[in-house]
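This is what each chain is made of:
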Amino acid sequence: QVQLVESGGGLVQPGGSLRLSCAASTSTFSTYLMRWYRQGPGKERELVASITTGGSTSYADSVKGRFTISRDNAQNTVYLQMNSLKAEDTAVYYCYARKLIRDFWGQGTQVTVSS
């Protein structure tokens, strides 16, 4: 069982920045595909960004050029740097880890973009 603990959420004004962190409780973190998902009010959960074990990244069209996913395998942590935040980025952000057929979710962290 892998525990994922997100942090870094909060209230930010439009145009502002936040960095989310997700710490994983596994010594084999480097072997996990890591993702960030989000679920806005009244919306379905959607994939925001992915990073493979080799460091390749991909993003939802809605966040390309504004969000950056990265990982620090020595710290067992994945990050999501969010810049130029918009009201529509308001959501609960979830960390996700997958290795073969096993996957794990964090508890989520709230991001609210509002003036």
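Structural data are supplied above this passage.
In this report, the structure presented in the accompanying data block is examined. Worth saying up front: this structure is predicted, and the values here are computed from it rather than measured. (Residues numbered from 1 in each chain as written. Predicted model: local features only at pLDDT ≥ 70, side-chain atom pairs only at ≥ 80, totals over all residues. Heavy atoms only, no water.)

### Concerning the pattern of salt bridges
- As enumerated under the stated definition, the model contains four salt bridges in all.
- When the shortest N-O distance is used, the salt bridge between Arg66 and Asp89 registers 2.7 Å. Of this pair, Arg66 sits in the loop between strand 6 (57-59) and strand 7 (67-72) while Asp89 sits in the loop between strand 8 (77-82) and strand 9 (91-99), placing them 23 residues apart in sequence.
- Salt bridges sharing common partners tie together Arg38, Glu46, Arg66 and Asp89. (Salt bridge = Lys/Arg side-chain N within 4 Å of Asp/Glu carboxyl O. Helix = DSSP H or I, 4+ residues; strand = E, 2+ residues; numbered from the N terminus.)

### Quick look at the sheet that holds strand 7
- Taken in spatial order, the four strands of this open sheet run 1-3-8-7, and their pairing is antiparallel. Each edge of the sheet is formed by a strand with only one pairing partner; in this case those strands are strand 1 (4-7) and strand 7. This sheet shows a mean twist of 15° between the axes of neighbouring strands, independent of strand direction.
- In this structure, strand 1 lies alongside strand 3 (residues 18-24), joined through four bridges in antiparallel fashion. When the bridges of strand 3 are listed, Val5 appears paired with Ala23. (Pairing = 2+ DSSP bridges. Axes fitted to C-alpha atoms, helices over the stretch in contact; angles between N-to-C directions.)

### A look at the packing of aromatic side chains
- Tallied over the full model, the rule gives five aromatic pairs.
- For the ring pair Tyr94 and Trp105, a centre distance of 6.4 Å and an interplane angle of 85° mean the geometry is edge-to-face. Of the two residues, Tyr94 sits in strand 9 while Trp105 sits in strand 10 (residues 102-105), which places them 11 residues apart along the sequence.
- Overall, the relative accessible area of 13% leaves Tyr94 in the buried class.
- Overall, the relative accessible area of 37% leaves Trp105 in the partly exposed class.
- The lysine or arginine in question, Arg45, covers the ring of Tyr94, its NZ or CZ lying 3.8 Å from the ring centre. (Phe/Tyr/Trp six-rings, centres within 6.5 Å; stacked < 30°, edge-to-face > 60°. Buried < 20%, exposed > 50% of the residue type's maximum accessible area, 1.4 Å probe, protein only. Lys NZ or Arg CZ within 6 Å of the ring centre and 35° of its normal.)

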